[in-house]
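Here are the chains, one letter per residue:
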Amino acid sequence: MDHMQRNGKLPITAIIPARNEEATIAEIVSRTLPVAEEVLVVDGHSTDRTKAIVEGLGVRVVADNGVGKGDAIRVGARAATHDIVAYLDADGSHDPNDIPLLVEPIMRGQSDLVIGSRGRGGSDELHGDLEKLMRLLGGDIILIGINWRFKSKLTDSQNGFRAIRRDVLLDLDTTENITTIEQEMTMKALKLGYRVSEVPAHEYARKAGTSKIVLKRVWFRYIYSWLKNLM
Ligand SMILES: Nc1nc2c(ncn2[C@@H]2O[C@H](COP(=O)(O)OP(=O)(O)O)[C@@H](O)[C@H]2O)c(=O)[nH]1
Ligand SMILES: [Mg+2]
């Protein structure tokens, strides 16, 4: 992998969507800077110090349109300056040192979208209470439908830790405004014949703050966008 990096940095844009993550954003940005030539934070109109902290580190911040993480993903892709983008959360769930693994298949010209698979790498966020069990079960049911429909062999269709060619993402014309963007991106890429692959990636427990995903508010959107994109 070293030969693909300049000064140890990958020629990519690492995009970090962040809404009210003041406790963890500095560490995540600082640990991503040595890995990627460009680091871009998409701020979801945080009411805490998230934006100020990022600017204090001399890192570029763009604002999303205030409608959710899915929109933030698109805003980040449009603002990125490199041809390959990698997404990671601001809450400590993803290890910036795993980014080279994600990006390598794309840089080698072997893949267009690489998903960090919690099925292969394990997750600290999908086990332990009822809400997590529902996420695990829901995610697996959605995954089974996707693999059946597209004859794929994925083990994670949802993880936000992923890398994609920027032109491919823009070509997908995604419309989901919330975290349903991940399954939409996965399904549309498969449907259009892009090469989708995965690498093992461990998901760590969020280090501070609370999840922005409230299942009882969004489950219907997951089912709806799943069925719509399976057709
Ligand atoms: N820009 C932006 N980021 C968001 C928004 N909602 C969540 N995020 C970020 O997206 C990442 C995923 O977090 P979250 O939604 O809590 O999901 P979870 O950590 O998987 O439970 C975190 O870095 C959040 O700060 C939003 O509306 N806008
Ligand atoms: Mg998380």
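### Quick look at the overall build of the protein
A count of helical and extended segments in the protein gives 9 helices and 7 strands. For 231 residues, the compact-globule estimate of 2.2 N^0.38 gives 17 Å, and the protein sits close to it at 16 Å. For the C-alpha atoms alone, the extent of the protein along its principal axes is close to 45 × 40 × 30 Å. Looking at the protein as a whole, 54% of its 231 residues qualify as buried. Taking the intrachain contacts of the protein between residues at least 6 apart in sequence as the baseline, contacts between residues at least 24 apart amount to 75%. When the accessible surface of the protein is split by element, carbon and sulfur atoms take 55% of a total near 10,700 Å².

### A few points about the sheet that holds strand S3 (residues 60-63)
Spatially, 7 strands are ordered S3-S2-S1-S4-S6-S5-S7 in an open sheet, and the strand pairing comes out mixed. The open sheet terminates on both sides in strands that have one partner only, identified here as S3 and strand S7 (196-200). Strand-to-strand twist in this sheet, taken as the mean axis angle between neighbours without regard to direction, amounts to 25°. The pairing of strand S1 (residues 10-18) with strand S4 (residues 84-87) spans 3 bridges and is classified as parallel.

### Overview of the pattern of salt bridges
A full pass over the atoms with the stated rule returns 19 salt bridges. Residues Lys-69 and Glu-182 are paired through a salt bridge, measuring 2.9 Å at the closest nitrogen-oxygen approach. Taken together, the residues Lys-69 in helix H3 (residues 69-79) and Glu-182 in helix H8 (residues 181-191) connect sequence positions 113 residues apart. By relative accessible area, which is 3% here, Glu-182 ends up buried.

Quick notes on the rules
Residues numbered from 1 in each chain as written. Chains lettered and ligands numbered in written order. Predicted model: local features only at pLDDT ≥ 70, side-chain atom pairs only at ≥ 80, totals over all residues. Heavy atoms only, no water. Helix = DSSP H or I, 4+ residues; strand = E, 2+ residues; numbered from the N terminus. Rg over C-alpha atoms; globule rule 2.2 N^0.38 Å. Buried < 20%, exposed > 50% of the residue type's maximum accessible area, 1.4 Å probe, protein only. Contact = heavy atoms within 4.5 Å. Areas by Shrake-Rupley, 256 points an atom, 1.4 Å probe, with all protein chains shown as cover. Pairing = 2+ DSSP bridges. Axes fitted to C-alpha atoms, helices over the stretch in contact; angles between N-to-C directions. Salt bridge = Lys/Arg side-chain N within 4 Å of Asp/Glu carboxyl O.

Geometric descriptors of this kind do not, in isolation, establish any biological role.
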